[in-house]
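Read off the chains here:
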Amino acid sequence: HDPLEDCIAELGRLRAPLGIWGCNGNHERSAGVEARAQALFQRYGMHLLRQQCAEVSWRGASINLIGVDDQRDRRRSGDQTPMLHGIEALVRPDIPNILLSHNPDTFERAAALGIELSLAGHTHGGQVRLGLGHRQWSPARFITPFVAGLYRRPLGPKVYSAGPKGRARRAPSAFLYVNSGLGTFGLPVRLGVPPEITLLTLRAVG
């Protein structure tokens, strides 16, 4: 019963030189409104990617944006279908790739496929974060290792080439940023997890 069009119309007030891009999440999936959300994005001048990619260019350089619907491991006829199944052809080896995936648990697979940066949400940052000594704890740790903030994994297949003098060369990294979002799920409580709008600055290596 969420006011889908009202929310998308509010997003439509955003302005960005390369356009506004998004992907569907678990609420669109469970409500069966993924196609409607895509149509509303288009009506309000935005782009919602569904197992699709788009090349965007800025100052002579290009980035490959990939967007997927909400991802879950699925079992059919005894076989398990992994997350991001069938998107291999969307990954570009010639330019950087950015994945829009609501569920952060796609990160391990995305990194293995050679996707340099993944952007996710879903967790609301756990909504509750408690300090335990020098550590922070969130109940979201029971459902995902990627609760909020920045994470790193080796990029691409786990093949390490030898560097100068036979030394192992450090594998390049893939990154995931999990945004803590603005709202809540279940209990209308956020404790130690303020609402978040993130500005990420991308820079070329070297």
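My aim in this report is to walk through the structure given alongside it, one point at a time. Not measured: the values here are computed from a predicted model.

**Brief notes about the packing of aromatic side chains**
And step 1. Across all of its chains, the model carries two aromatic pairs by this definition.
And step 2. Here Phe107 and Phe146 contribute two aromatic rings whose centre-to-centre distance is 5.6 Å and whose plane-to-plane angle is 80 degrees, an arrangement assigned as edge-to-face. Here Phe107, found in helix 4 (residues 107–113), pairs with Phe146, found in the loop between strand 10 (135–137) and strand 11 (149–154); they are 39 residues apart in sequence, far enough to count as distant.
And step 3. Overall, Phe107 belongs to the buried group, its relative accessible area being 1%.
And step 4. A centroid spacing of 5.2 Å and a plane angle of 80 degrees characterise the contact between Phe146 and Tyr151, whose relative ring orientation is edge-to-face.
And step 5. Under the relative-accessibility criterion, Phe146 is labelled buried at 2%.
And step 6. Residue Tyr151 is classed as buried on the basis of its relative accessible area, which comes to 18%.
And step 7. In textbook terms, an aromatic cluster arises when at least three aromatic residues are bridged by ring pairs, as seen for Phe107, Phe146 and Tyr151.

**So, the pairing of strand 12 (residues 173–178)**
And step 1. Counted residue by residue, strand 12 has five buried out of six residues, so it is predominantly covered.
And step 2. The pairing of strand 8 (residues 117–120) with strand 12 spans four bridges and is classified as parallel. The residue of strand 12 that forms the bridge with Ala120 is Val178.

What counts and what doesn't
- Residues numbered from 1 in each chain as written.
- Predicted model: local features only at pLDDT ≥ 70, side-chain atom pairs only at ≥ 80, totals over all residues.
- Heavy atoms only, no water.
- Phe/Tyr/Trp six-rings, centres within 6.5 Å; stacked < 30°, edge-to-face > 60°.
- Helix = DSSP H or I, 4+ residues; strand = E, 2+ residues; numbered from the N terminus.
- Buried < 20%, exposed > 50% of the residue type's maximum accessible area, 1.4 Å probe, protein only.
- Pairing = 2+ DSSP bridges.

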